[in-house]
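Residue-level structural notes
Listed below, chain by chain, are the residues.
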Amino acid sequence: MATIYEALHQAPQTHEFVEELHQTDAKEFWYRAIAVLQQFSIQSQLKGLMLTHHPYIFPNVAYRQPELQAWVFTTSKSSLFPTASLPIGNTQIVSIPKADSLNQEWFCILVTENFSFLVLSSAKSHTCVWSLHPIAIQAAIAVLLPRIRRAEHQTLLQAKLQKFPLVLPSYQIMARFGAVLMAQSSIHQELPIPEIQEVDIIKAITHEVRTPLTTIRMLVRSLKRRKDISAEVKTRLDRVDAECTEQIERFNLIFEAAQLDSYPIMLEATQIEDILSDGFMRWQEHAGRRQISLEMILPTEIPAIYSNGLLLSQVLNGLVDRLVRSFPPDSHIQLILTSAGEYLKLQFQSQVTRQGGGDLPLLKAVGQWLMLQPETGTLSLSLPTTKTLLKALGGKLTVRMHSTSAAFDGEILTIFLPFI
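Cut-off values and rules
Residues numbered from 1 in each chain as written. Predicted model: local features only at pLDDT ≥ 70, side-chain atom pairs only at ≥ 80, totals over all residues. Heavy atoms only, no water. Helix = DSSP H or I, 4+ residues; strand = E, 2+ residues; numbered from the N terminus. Buried < 20%, exposed > 50% of the residue type's maximum accessible area, 1.4 Å probe, protein only. Areas by Shrake-Rupley, 256 points an atom, 1.4 Å probe, with all protein chains shown as cover. Pairing = 2+ DSSP bridges. Axes fitted to C-alpha atoms, helices over the stretch in contact; angles between N-to-C directions. Contact = heavy atoms within 4.5 Å. 1 Å grid on protein atoms, 1.4 Å probe; cavity = no way out; pocket = protein on both sides within 12 Å on 5 of 7 lines; lining within 4 Å. Points joined across faces, edges and corners; volume = space filled by probe spheres on them. Nonpolar A, V, L, I, M, F, W, Y, C, P; charged D, E, K, R; others polar. Salt bridge = Lys/Arg side-chain N within 4 Å of Asp/Glu carboxyl O. Phe/Tyr/Trp six-rings, centres within 6.5 Å; stacked < 30°, edge-to-face > 60°. Parallel < 35°, antiparallel > 145°, perpendicular 65-115°, else oblique. Core = buried A, V, L, I, M, F, W, Y, C linked by side-chain atoms within 4.5 Å.

In terms of helices and strands, the chain carries 12 helices and 17 strands. Looking at the chain as a whole, 47% of its 420 residues qualify as buried. Of the roughly 21,400 Å² of accessible surface on the chain, 56% is carried by carbon and sulfur atoms.

So, on to the sheet that holds strand β3 (residues 68-74). If you walk across this open sheet you meet the 7 strands as β1-β7-β6-β5-β2-β3-β4, and the pairing is mixed. Each edge of the open sheet is held by one strand with a lone partner, namely β1 (19-22) and β4 (91-95). Each neighbouring strand pair of the sheet contributes to a mean axis angle of 10 degrees, computed without reference to strand direction. Sheet topology places strand β2 (residues 48-52) next to strand β5 (residues 105-112); 5 bridges connect them, and they run antiparallel. Counterpart to L49 in the pairing with β5 is V111. Here helix α4 (residues 134-144) sits on the sheet and contacts β2, β3, β5, β6 (116-122) and β7 (127-131); the angle it forms with β5, its principal contact strand, is near 120 degrees.

What follows concerns the environment of F255. Mapped onto the elements, F255 comes out in helix α9 (residues 231-258). Overall, the relative accessible area of 19% leaves F255 in the buried class. Separated by 50 residues in sequence, F255 and I205 place their C-alpha atoms 9.0 Å apart. Not counting chain neighbours up to four residues away, the residues in contact with F255 comprise K203, T206 and R210.

Let's shift gears to unusual backbone geometry. If you check the backbone angles, Q291 has positive phi at about 60 degrees while not being a glycine. With respect to the helices, strands and loops of the structure, Q291 is situated in the loop between α10 (272-289) and β9 (293-297). Owing to a relative accessible area of 54%, Q291 belongs among the exposed residues under this scheme. Phi is positive for D330, which is not a glycine, with a value near 75 degrees. Along the chain, D330 turns up in the loop between α11 (309-326) and β11 (332-340). Classification of D330 as partly exposed rests on a relative accessible area of 41%.

Below, the discussion takes up the layout of surface pockets. One number sums up the size of the second largest pocket: a volume of about 450 Å³. Surrounding the second largest pocket, 25 residues form its lining, E246, E249, R282, H286 and N317 being those nearest its centre. Going through the elements one at a time, α9, α10, α11 and β15 (378-381) are the ones with two or more residues in the lining of the second largest pocket. Looking at which element gives the most residues to the lining of the second largest pocket, the answer is α9, with 8 residues. Along the lines of polarity and charge, the residues of the lining of the second largest pocket split into 8 nonpolar, 7 polar and 10 charged.

What follows covers the pairing of strand β12 (residues 343-351). Within a regular strand, the side chains alternate between the two sheet faces. Taken together, the 9 bridges between β11 and β12 define a ladder with antiparallel strand orientation. Residue pairing in the sheet places I333 in a bridge with S350 of β12. Where β11 folds back onto β12 in an antiparallel hairpin, the turn is made up of 2 residues, including G341, whose phi is positive at roughly 65 degrees.

Time to look at the pattern of salt bridges. Tallied over the entire structure, the rule returns 15 salt bridges. R147 is the salt-bridge partner of D100, the closest N and O atoms lying 2.8 Å from each other. Of this pair, D100 sits in the loop between β4 and β5 while R147 sits in the loop between α4 and α5 (151-163), and the two are 47 residues apart along the sequence. A residue is classified by how much of its surface remains accessible, and D100, at 12% relative accessible area, is buried. Using a relative accessible area of 2% as the deciding quantity, one classes R147 as buried. Here the salt bridges share partners, and the residues they tie into one network are R221, K224, K234, D238 and D241.

On to the packing of aromatic side chains. Using the criterion set out here, one finds 8 aromatic pairs in the structure. Between F40 and F115, the ring centres sit 5.5 Å apart and the planes meet at 65 degrees, which makes this aromatic pair edge-to-face. Of this pair, F40 sits in helix α3 (residues 23-43) while F115 is found in the loop between β5 and β6, placing the two residues 75 residues apart along the sequence. Here W130 and F177 contribute two aromatic rings whose centre-to-centre distance is 6.2 Å and whose plane-to-plane angle is 20 degrees, an arrangement assigned as stacked.

Let us look at the packing of α9 against α10. For the pair α9 and α10, the least separation of the axes is 13 Å and the interaxial angle reads 105 degrees. Compared by their axis directions, α9 and α10 come out roughly perpendicular. Counting all contacts with α9, which are made through R239, E243, E246 and E249, the residues of α10 involved are R282, H286 and R289.

Grouped burial of nonpolar side chains is what soluble globular proteins tend to show. Grouped together as the largest cluster of nonpolar side chains are 46 residues, with contacts concentrated most on I272, L312, L316, L346, F348 and I415. Of all the secondary-structure elements, those providing two or more residues to this core are α9, α10, α11, β11, β12, α12 (383-392) and β17 (411-418). If one sorts the elements of this core by residue count, α11 sits on top with 8 residues. Those residues in contact with L346, other than ones at most four positions away along the chain, are I272, L316, L335, I336, L337, L413, T414, I415 and L417. Counting residues in hydrophobic clusters, the runner-up holds 30 residues, among them L102, L118, I137 and A140.

Structural data, given as structure tokens:
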């Protein structure tokens, strides 16, 4: 399929209604044009739709356009799109293959009741094309329509386009657009540093943390094999080994969450009993270090589930770690397994005893992906991110709170995983 740039240059009548800039000027104009659209969105309520390549196209947190429907054409399979930048309920995600040549283009097509605008940056041609003319904008939209494979999405977009037909902008709109564009200072003076996406930061940090910890653990394990070390030294080495393993697993899970849009998770027959038996002793030991008791109640028989054993084990490790670190000493956590129709139900119930009462440890959001416990500096996945991970594993997660007068008065985390 053609790219937007190719479509705009194929027909002479279309090419007549676009302007093109090259090399450095092209880069400068792209950022200026996006800044202009951002100004328009801040100063007035826009009704219509926006088609773009990335949900961060308007990064300003002040951007709120409930009547502007966004269509994001992306290779990402993740549902963790930025709710702070776009009203997620009014956003449609169109998945395109990574091999699609459209991935070489940055584009933003805005269709409103008063005007329409197209700006396109092509990595292949190193140019920036823009237009306010309906003929050029219609040609660009025609390139995107065949990439929408879901019939209901096709119908929805066509209905939206019929509701907001492409029109020539009025003189007032053109004058205002030009004035705001000219007010933008030179890129060399004011262009902000390009935003580093949160997922890129997470991948970089997890790599930088896991690598030295893995090396330390390897050296510790080689020392433990020596016969000339004392029992006291071996005990300390065991503690270092356990701490390294705990942190490596925590950052492995964070890295896997950040990788969700990179490759599909393979699901297969999984014995949950094996995962629980391997993890429970470590969970008990971890909880015991914080003076928290952990109990597991299992049925007599546990059928196989459909999931990914390795990643599910990491998710459960992360959930137990979060619970253990979220409650004061002398608390109690129960893990109860039951059947719920076609699903296996894993429920974590937590109880804060009188002796361990008082304020619970504070958890603070770090972006949309992570939670930080300031007292210990411990990072963990946020619950929305954990929910997305479990959805990719074929399951789902619900969270609710018990009444403080109930026997168990903390969070109740429930995981549902499908039986085979």
